[in-house]
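Chains, contacts and geometry: an overview
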Amino acid sequence: DAGKIETKVNDTTAGSENVKMQFYGRDQGFQVLVFEIDGSGNFVVNPDSNGFRDFIVKSDTGTNIMGDSSQENVGIGTAPDSSVERLHIKGTGLSDMVVFEGTSEGSGATDGPDLILFNSATPTGANKFIGRLEYRGKNDAGTSKGYGSIQTFIQDETAGTEDSLMLFKTFT
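Residues numbered from 1 in each chain as written. Predicted model: local features only at pLDDT ≥ 70, side-chain atom pairs only at ≥ 80, totals over all residues. Heavy atoms only, no water.

Quick notes on the overall build of the chain
Rules: Starting at the N terminus, helices and strands are each numbered in turn, a helix being any DSSP run of H or I of at least four residues and a strand any DSSP run of E of at least two. Between the two quantities, the radius of gyration covers C-alpha atoms and the globule rule is 2.2 Å times the number of residues to the power 0.38.
A tally of regular secondary structure across the chain gives 0 helices and 11 strands. What you see in the chain, going N to C, is helices and strands ordered as β-β-β-β-β-β-β-β-β-β-β. Taking 172 residues into account, the globule formula puts the C-alpha radius of gyration at 16 Å, and the chain, at 23 Å, lies well above it. Taken along its principal axes, the extent of the C-alpha atoms in the chain is 60 × 50 × 40 Å.

This is how it looks when you write it as structure tokens:
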């Protein structure tokens, strides 16, 4: 058969019943479990984790979301580039490409949507680089170049006397 849908009962205990629906298709001549939905509403693509299938969400205009299982990364608006560790977002850039929206008014100076760049490694000494925002563009030869960045370093990681350095850089 080309494909099938199965229902499987995971737990029959009264009050704890859980059922999942599994959707099968064919890939390279073999029947494969493509995705499943369980009674808790979890939607899992490639639940067997066999490592040779990706997931793609498409619309009439192209790829909206793609996960590459061989690279363990995701693309939004594009297939993820192999040089991107986790998330590649591509758009025209003619309007807001990413929006972080808070919906609570709050009363303090720190209320609002926060963008956190967190390096969770415990520093082993002073002057450790912990993050960068880099602004890139192409020159007239079509080569991608960094034109500016904001970089942060831990100067003193000692609890109670922490110090940091933030550099604003432009490239000439």
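There's more to say after this.
Re the sheet that holds strand β1 (residues 4-11)
Spelled out, the test is: Paired strands, in this sense, are two strands between which DSSP finds at least two bridges. Think of each axis as a best-fit line through the C-alpha atoms, taken over the contacting stretch in the case of a helix, with angles from 0 to 180 degrees between the N-to-C directions.
Strand order in this open sheet of 4 strands is β1-β2-β3-β4, and the pairing throughout is antiparallel. The sheet terminates laterally at β1 and β4 (43-45), the two strands that pair on one side only. The sheet shows a mean angle of 30° between the axes of neighbouring strands, direction not considered.

Focus on the sheet that holds strand β11 (residues 163-170)
Spatially, 3 strands are ordered β9-β10-β11 in an open sheet, and the strand pairing comes out antiparallel. The strands lining the two open edges of the sheet, one partner per strand, are β9 (128-138) and β11. Within the sheet, the average angular offset between the axes of one strand and its neighbour, ignoring direction, is 15°. Judged from the 8 bridges that link them, strand β10 (residues 144-156) and β11 form a sheet pairing that is antiparallel. Directly across from F153, in β11, lies its bridge partner L165.

Overview of the environment of I65
Stated precisely, the cut-off is as follows: Buried means the residue's accessible area, taken with a 1.4 Å probe over protein chains only, is under 20% of the maximum for its type, while exposed means over 50%, and partly exposed covers the values in between. In this analysis, two residues are considered to be in contact whenever any of their non-hydrogen atoms come within 4.5 Å of each other.
Structurally, I65 is set in strand β6 (residues 62-68). The exposure class of I65 is partly exposed, given its relative accessible area of 31%. With 53 residues separating them along the chain, I65 and F118 place their C-alpha atoms 25 Å apart. Those residues within four positions of I65 in sequence are excluded, and the remaining contacts are F55, I56, V57, V74 and G75.

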